[in-house]
Amino acid sequence: MVEIELDGKKVEVPPGSMVMHAAEKAGVYIPHFCYHKKLSIAANCRMCLVDVEKAPKPMPACATPVTMGMVVRTKSEKAIKAQKAVMEFLLINHPLDCPICDQGGECQLQDLAVGYGGTRSRYEEEKRVVFHKNVGPLISMEEMSRCIHCTRCVRFGQEIAGVMELGMSHRGEHSEIETFVGRTVDSELSGNMIDLCPVGALTSKPFRYAARTWELSRRKSISPHDSTGANLVVQVKGDRVLRVVPLENEAVNECWIADRDRFSYEALNGPDRLTQPMIKQGGQWRAVDWKTALEYVAHGLQDVQQQHGAGAIGLLASPHATVEELALARALMDGLGSPNRDHRLRAAAFDHAAPAGRARWLGMPIAELSTLDRVLVVGSNLRKDHPLFAQRIRQAARKGAQVSALVARTPDWALPLHRVLTAPASDWAAALAAVAAAVAEARGVALPDGVQGVVVDEAARAMAASLLGGERKAVLLGNGAAHHARAASLLALAQWIAEQTGARWGYLTEAANTVGAQLVGLVPGEGGQSAAAMLAGGLKAAILLGVEPGADTAASGAALAQADMVVTLSSFQTNLELSDVLLPIAPFTETSGSFVNAEGRLQSFQAVVKPLGETRPGWKVLRVLGNLLGLPGFEQTSSQEVLAQALPGVASGAFVPADRLDNRVALPRIDLTPAAGEPCVAAIYQLDALVRRAPALQATADGRAGRAAAEGVCA
C-alpha cells in the first residue's frame, strides 16, 4: 500500500491509485465533472485540480498517481483558486437557462457553480450556440450548448455499452458531441448517458418537461423484466410514475440499468391500462364490481370441475409475476385438484426441468461474470436478451477474457469474440457435441452416451482449447437453448463440457422470476399438462396470470377460445377475443412482492404508487378467489406472509439456499438429431406486457425490428 497525506490525514491506497481514489477512501470530496469511478480517466474538465506539495502547478486529482509520502491539499488557497478559474472558463459559453433546464435542481454544474463560481461573468463576447440534434426517441440533445465536453457519454459508449455512438468533432471552442453521419443512439444501455451527463445537455426525452426534480418522491423497487433483478429508484409525482433511474448495487446491476428498465414505465400511464373488472356477455364487454367478477369466476371454475373434472382446468402464469402471485396461483390449482400449471410459456421441450422444489439458475454470482477468463455462450443473443450480463462479460473481455459463442447467426454483442460457431438452431446439439468431442480428444477421455461420429472442425477445437485454459470459466445457456426442442441434450452437454474443463455451467434465465417460479413449483404436477399442451387445446377452463398468448407463448393460444371459461388477470386490456373475464391486477409499481433473479437472490419491493382505479394486487385477488372457492391455505393478510409460506427460511434480500439451486442433470442418452423449428425467443422490447406498451421503446430501432420479427415467429 502507498501512504499519502491528504488534507492532514494519512491515507493508504494500492499502488497505481490516483489522488481522487485516495480522496474517496478518506471521504474527502474533490469537485469534478469528467471523472467517474466506472469509466476511464480523461482528465479533460480540470475541475479537480489540487495542490500537490513540490509540484510547480495544481495537478488534476483524477490523473495524478499517488507516490509514497505525497502531500496533497484540496482546500488550500492554491487549489481553490485553480478550481474557481476552471469554473469561470466552463461558464464562459454555458447558457444561463437553469430555470428551463430539465437538469435544474440535480445539476452538478449548478451545484459547483454555487461554491466555485463568481458573482458575475467577466466574459462579454457572444456565447457559442450548438445546433440541436435528433438521436432517437430516448435521449434529448436539444440543448447541446450546455455541454461542457466532459466526454462521459463518449467513454460510456466505448467502454460499457461497447459501441462508440457519440464522439467529439472539431477542436477547441468549436468542439461538439454528436453522432456521426446523422445516426441515432441505439444502444440498449443508452439511457445511462442521461445519468452520466453532469449538465443538462443529455436529458430524457420521455421525461422532458414532465416535472421538476424537487416535486418527485423517490422510492426503491426491482425491475420486473430480465433476470438481472436490477435495483431501481422510481420517481413519483401525485401517484403517477414519471421517471425510473438506477439504484446502485454493486453485486447486481452496479450503477447501470437497461433501457427497458428505465423507460417501460410509460406503459403504466398508457391507454391500455385495465382499471376495473369486466365480464363478456353476449359478445360485449361490460364493467362490473369485484364481488360480481370473482363470484362469476368461482362459479365457472366449480361448474367445470363438477362437469369435466379438475384436470380440465389449467393455469398459465407469466415468469414476470411475483413469487407471492405464483405461489398463490399454484395453491389455487392444488386446491382445485388440477396438476395443469406452467410458467415455461415459450419452451418447446419440458424434459430438462430441475427436480421438484429446485431451480435451474445462472450457476454463479452475477458479479463474477466480470471476472471470468473463459466463457462459452450457447443459444443466446446475449446483448439484447441480457444487456447487463453482456456488459459484465464485456468488462471481462476488456481484461483479456476469451468469449466464444454457439449461435445461429454471427452475433453483434459489442465485444471481441474469440471463436464463433454458427449453426442452424436445429443443429445446436450436434454443434455443441463437436465441442465436447474436441474436449474429449484433448483430454483423452470417453464421450458421453450418444455422442459418437461427430465431426470436429477447427472452430470446435479452438473453443475446446479456450475452455481448457484459464482459471475462471463458465458455460452459459441462453434463452434459445432453454426453449430449444433439444434443451435436455444441450444442458447435458454443457454439464459434461464444464465438468471436463473445470468450468461452471448454468442458464442465463429469461425473466425476472424464472428462478422463483421454479422454486414455488409453478410447473406441471404429476400427470399435468405443460404450457404447450394447454395452449394446444383440451382445457375447459383456463386462467391466464399476466399472459398474452401469441406474444408471451410459443403457440398462438387460439385453441383456448374453445374453452368454456378463460379468465385473464392482467394490468392491461388484453386477450379480449379469448377471455370471458378480465381482472385488473397491479403492475410492479402498485403492489408489494418479490423476485428471485438468475443468481438466486431474493429481492422484495413495496408499491410506490396507489393502484390505478379498481386495480388490486394480484396476490390479493388470488387469495380472495381461493376464499370464495372454499379452499384451505388462503388466510394471508400481507404479501410478506405469503412469501414466508412460499419460501420458508429465506429472508428478503438473501440468497436462496444453495441446495435449492441445481443445474445438475443425470446424463441421459444425448439426442443429436436435428430439431424442427426455431426456438421461441422474445425480442428485447417484446419480452413482457410492459415493454410492449412503452411508446418510446417501441419507437427505437430495436423496437421496430422486434415488432417485425415477432410477427408469427414463435407461433
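Residues numbered from 1 in each chain as written. Predicted model: local features only at pLDDT ≥ 70, side-chain atom pairs only at ≥ 80, totals over all residues. Heavy atoms only, no water.

Observations regarding the overall build of the protein
For the record, the criterion: For helices the rule is a DSSP run of H or I covering at least 4 residues; for strands it is a run of E covering at least 2, with both sets numbered from the N terminus onward. Radius of gyration means the value over C-alpha atoms here, while the globule rule gives 2.2 Å times the residue count to the 0.38 power. To sort residues, take the accessible area from a 1.4 Å probe on protein chains only and compare it with the maximum for the residue type: under 20% means buried, over 50% means exposed, and anything in between is partly exposed. When checking whether two residues touch, look at their non-hydrogen atoms; a contact exists if any pair is within 4.5 Å. In this count, Lys and Arg are taken as positive residues and Asp and Glu as negative ones, while His and the chain termini are left out. Positions of charges follow a simple convention, taking NZ of Lys, CZ of Arg, CG of Asp or CD of Glu.
Helix and strand counts for the protein come out as 21 helices and 27 strands. Its C-alpha radius of gyration of 28 Å places the protein within 12% of the 27 Å reference for a compact globule of 715 residues. With respect to the principal axes defined by its C-alpha atoms, the protein has extents near 90 × 70 × 50 Å. Going through the 715 residues of the protein one by one, you find that 60% of them count as buried. The long-range fraction of contacts in the protein, counting pairs at least 24 apart against all pairs at least 6 apart in sequence, stands at 71%. The centroid of the 72 positive side-chain charges in the protein is displaced by 4 Å from the centroid of its 74 negative side-chain charges.

A word on the nonpolar core
Note the following rule: As used here, the term nonpolar core means buried Ala, Val, Leu, Ile, Met, Phe, Trp, Tyr and Cys residues forming a set that is joined through side-chain atoms within 4.5 Å.
Grouped together as the largest cluster of nonpolar side chains are 76 residues, with contacts concentrated most on F33, M47, I139, F156, L166, L202 and V241. In terms of residue count, helix 4 (residues 152–161) provides more of this core than any other element does, five residues in total. In this view, I139 contacts V185, S190, M193, I194, L202, T203 and K205; residues no more than four positions away in its chain are not counted. Among the nonpolar cores identified, the runner-up in size contains 54 residues, and A312, I313, L545 and V656 belong to it.

Quick notes on the packing of helix 11 (residues 428–443) against helix 12 (residues 458–468)
Going by this rule: Axis definition: a line fitted to C-alpha atoms, over the contacting stretch in the case of helices. Angles run 0 to 180 degrees between N-to-C directions. Orientation categories follow fixed angle ranges, with anything under 35 degrees roughly parallel, anything over 145 roughly antiparallel, 65 to 115 roughly perpendicular, and all other angles oblique. Each helix crossing is assigned a hand: it is left-handed if the near helix lies turned anticlockwise from the far helix by less than a right angle, otherwise right-handed if that turn is clockwise.
Relative to each other, helix 11 and helix 12 sit at 60°, their axes nearing to 8 Å. The pairing of helix 11 with helix 12 is recorded here as oblique in orientation. Crossing of helix 11 against helix 12: the hand is right-handed. For the pair helix 11 and helix 12, the contacting residues are A434, V435, A438, V439, E441, A442 and R443 in the first and A460, R461, M463, A464 and L468 in the second.

Description of the sheet that holds strand 24 (residues 565–570)
The condition that has to hold: Strands are treated as partners if at least two bridges between them are detected by DSSP.
With mixed pairing, seven strands are arranged side by side in an open sheet as 15-14-25-24-23-16-17. Looking at the sheet topology across the chains shown, the edges are occupied by strand 15 (284–287) and strand 17 (341–342). Pairing geometry for strand 16 (residues 313–317) and strand 17, over two bridges, is parallel. Paired with L316 across the strands is D342, a residue of strand 17. Contacting strand 16, strand 17 and strand 23 (541–545), helix 8 (residues 323–336) runs over the sheet at an angle of about 170° to strand 16.

Notes on the pairing of strand 25 (residues 581–584)
What you see with strand 25 is no split at all: V581 and L583 on one side and L582 and P584 on the other are buried throughout. Looking at chain direction, strand 14 (residues 278–281) and strand 25 are connected through two bridges and run antiparallel. Across the sheet, residue M278 finds its bridge partner in strand 25, namely L582. Of the pairings in the sheet, the one linking strand 24 to strand 25 comprises four bridges and is parallel in character. Bridged to L569 within strand 25 is L583.

Section: the environment of P416
Mapped onto the elements, P416 comes out in the loop between strand 19 (402–407) and strand 20 (419–422). Along the sequence, P416 and L90 sit 326 residues apart, while their C-alpha atoms lie 37 Å from each other.

A few points about the sheet that holds strand 12 (residues 231–236)
Spatial strand order, 11-12-13: three strands in an open sheet with antiparallel pairing. This sheet does not close on itself; its edge strands, each paired only once, are strand 11 (217–222) and strand 13 (241–246). Here the average twist between neighbouring strands, direction ignored, is 30°. Looking at chain direction, strand 11 and strand 12 are connected through six bridges and run antiparallel. Residue pairing for strand 12: K220 is matched across the bridge by V233.

Considerations on the environment of L315
By the element assignment, L315 lies in strand 16. In this structure the C-alpha to C-alpha distance between L315 and T637, which are 322 residues apart in sequence, comes to 24 Å. Here L315 is in contact with A329, R330, M333, N340, R341, D342, L522, M534, I543 and L545, once residues within four sequence places are set aside.

Here's the deal with the UniProt feature "domain: 4Fe-4S His(Cys)3-ligated-type" (unreviewed entry) in the protein
Rules: UniProt positions are given in the numbering used here, feature names are shortened, and annotations may be inferred rather than shown by experiment.
Residues given the UniProt feature "domain: 4Fe-4S His(Cys)3-ligated-type" (unreviewed entry) here are residues 78–117. Across residues 78–117, helical content stands at 55% and strand content at 0%; the span's end C-alpha atoms are separated by 16 Å.

Re the side chain of R243
Filter applied, for reference: Throughout this description, a polar contact denotes any pair of N or O atoms lying within 3.5 Å of each other; where both atoms belong to protein, one of them has to be capable of donating a hydrogen while the other can accept it, and for residues adjacent in sequence the pair is counted only when both atoms sit in side chains.
Structurally, the position occupied by R243 is in strand 13. At a separation of 3.0 Å, a polar atom in the side chain of R243 contacts the side chain of E106. Separated by 2.7 Å, the side chains of R243 and Q235 make a polar contact. R243 has contacts with E106, F207, T213, L216, R218, V233, V234, Q235 and Y265, leaving out every residue within four places of it along the chain.

Focus: the side chain of S592
Structurally, the position occupied by S592 is in the loop between strand 25 and strand 26 (593–596). For S592, the side chain forms a polar contact with the side chain of S639, separated by 2.7 Å.

Regarding the domain arrangement of the protein
Defined as follows: For the domain bounds, the source is a domain assignment made automatically or taken from a database. Buried area is understood as the total, over both parts, of accessible area removed when two parts are fitted together, assessed with a 1.4 Å probe. For this analysis, a salt bridge means a side-chain nitrogen from Lys or Arg found within 4 Å of a carboxyl oxygen belonging to Asp or Glu. Polarity classes work like this: nonpolar for Ala, Val, Leu, Ile, Met, Phe, Trp, Tyr, Cys and Pro, charged for Asp, Glu, Lys and Arg, and polar for all others, with Gly in that last group.
Under the domain assignment, the protein is made up of domain 1 (2–92), domain 2 (131–267), domain 3 (278–350 + 537–660) and domain 4 (362–508). Here the C-alpha centre of domain 4 lies 36 Å away from the C-alpha centre of domain 3. Residue-level contacts link seven residues of domain 3 with nine residues of domain 4. Area buried by domain 3 at its contact with domain 4 is led by A349, A598 and E599, which between them contribute 62% of it. Here domain 3 and domain 4 share zero salt bridges between them. Inspection of the region where domain 3 meets domain 4 yields three residue pairs in polar contact (both at pLDDT 80 or more). Class assignment of the residues belonging to the side of domain 3 that touches domain 4 gives a composition of four nonpolar, one polar and two charged.

Looking at the packing of aromatic side chains
The relation between two aromatic rings is expressed through the spacing of the ring centres and the mutual angle of the planes. We apply this condition: Centre distance within 6.5 Å is the pairing criterion for rings of Phe, Tyr and Trp, where only the six-membered ring of Trp is used; planes under 30 degrees apart are then read as stacked, over 60 as edge-to-face, and the remainder as tilted. By definition, being over a ring means that NZ of Lys or CZ of Arg is both within 6 Å of the ring centre and within 35 degrees of the ring normal.
For the structure on display, the rule yields two aromatic pairs. Sitting above the plane of the F207 ring, R243 keeps its charged end 4.3 Å from the centroid.

Topic: the pattern of salt bridges
Note that side chains of opposite charge can pair when their charged atoms are close. The final tally for this structure, using the stated rule, is 40 salt bridges. For R344, the salt bridge goes to D342, with nearest N and O atoms at 2.8 Å. For R344, a relative accessible area of 16% corresponds to the buried category. Between K384 and D702 there is a salt bridge, with the nearest N and O atoms lying 2.8 Å from each other. With K384 in helix 9 (residues 382–385) and D702 in helix 21 (residues 701–710), this residue pair connects regions lying 318 residues apart in the sequence. Like K384, the residue D702 is buried in the burial classification. Connected through salt bridges with shared partners, the residues D272, R346, E510, E548, D552, R692 and R693 form a single ionic network.

Considerations on helix 14 (residues 487–501)
Keep this limit in mind: To estimate the expected span of a helix, subtract one from its residue number and multiply by 1.5 Å.
Compared with the 21 Å implied by 1.5 Å per residue over 15 residues, the 21 Å span of helix 14 between its first and last C-alpha is a close match. Downstream of helix 14 by one or two residues, G502 has phi in the positive range, about 75°.

Thoughts on the environment of D239
In this fold, D239 is placed in the loop between strand 12 and strand 13. The spacing of D239 and P611 is 372 residues in sequence and 8.7 Å in space, taken between C-alpha atoms. Apart from residues no more than four positions distant in its own chain, D239 is found in contact with V609 and K610.

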